[in-house]
Amino acid sequence: MSSRLGTLEFECDAPPYPVVRACRKLGIRSPEDVRWSRMSHHQKRSHGWMSFLAGQAWGRLLGRGQPEQSACTCGRPVPELDTYSFTFQTGEQLEYELGQCVHCRTIYWEPV
């Protein structure tokens, strides 16, 4: 029966797993079990017809001023991102900006 399903494809939008696992020590809740969204990818995504109407061109036509803050997929504002540095046993260091939505717990991230 599984042969009829074909291959499953999925997109992983998270940093390397050692970084994800280490985020628990930073106070991020359930980093292995929640949605991760890279900020540069999130800002390019469309979130339905509401985001279409929230665009800058429509905002000017509708008389709104500056564009509103980016919204999380749950509708709340995207959290502020803080910068963290991760040092691996090899001596390599990577810096990421990270923030977690307090409502749906999605983690937003971007390499620095």
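Residues numbered from 1 in each chain as written. Predicted model: local features only at pLDDT ≥ 70, side-chain atom pairs only at ≥ 80, totals over all residues. Heavy atoms only, no water.

Q: Would you mind going over the pairing of strand β3 (residues 93-100) with me for this structure?
A: Every other side chain in a regular strand lies on the same face of the sheet, so the side chains alternate between the two faces. Here strand β2 (residues 82-87) runs beside β3; their pairing, made up of six bridges, is antiparallel. Bridge pairing links S85 to E95 in β3. Taken together, β2 and the strand that follows it, β3, pair antiparallel across an intervening segment of five residues, in which G91 is found at a positive phi of about 95°. Alignment of β3 against strand β4 (residues 107-111), held across five bridges, turns out to be antiparallel. Residue G99 lies in a different strand from β4, and its bridge partner there is Y108. (Pairing = 2+ DSSP bridges. Helix = DSSP H or I, 4+ residues; strand = E, 2+ residues; numbered from the N terminus.)

Q: Explain the nonpolar core to me, please; I cannot follow it from the model alone.
A: Within soluble globular proteins, side chains that are nonpolar generally end up buried alongside one another. Counting residues in each nonpolar core, the largest one holds eleven residues, listed as V19, V20, C23, I28, V34, W36, F86, Y96, L98, I107 and W109. Residue assignment for this core shows that the elements contributing at least two residues are α1 (17-22), β3 and β4. When residues no more than four places from it in sequence are discounted, the contact partners of V19 are F86, F88 and Y96. The next biggest cluster of nonpolar side chains, apart from the first, holds five residues, and it includes M39, C72, C101 and Y108. (Core = buried A, V, L, I, M, F, W, Y, C linked by side-chain atoms within 4.5 Å. Buried < 20%, exposed > 50% of the residue type's maximum accessible area, 1.4 Å probe, protein only. Contact = heavy atoms within 4.5 Å.)

Q: How do you make sense of the side chain of T106 when you look at a structure like this?
A: As for its placement among the helices and strands, T106 is situated in the loop between β3 and β4. Residue T106 is classed as buried on the basis of its relative accessible area, which comes to 3%. Leaving out residues up to four positions away in the same chain, T106 has contacts with R35, S37, C72, T73, G99, Q100 and C101.

Q: What's the story with the packing of aromatic side chains in this structure? I'm lost.
A: Any two aromatic rings considered together are summarised by their centre-to-centre distance and by the angle between their planes. What the rule picks out here adds up to two aromatic pairs. For the ring pair F86 and Y96, a centre distance of 5.9 Å and an interplane angle of 65° mean the geometry is edge-to-face. Of this pair, F86 sits in strand β2 while Y96 sits in strand β3, and the two are ten residues apart along the sequence. Here F86 matches Y96 in class, with each residue buried. Grouping aromatic residues by their ring pairs yields a cluster made of F86, Y96 and W109. (Phe/Tyr/Trp six-rings, centres within 6.5 Å; stacked < 30°, edge-to-face > 60°.)

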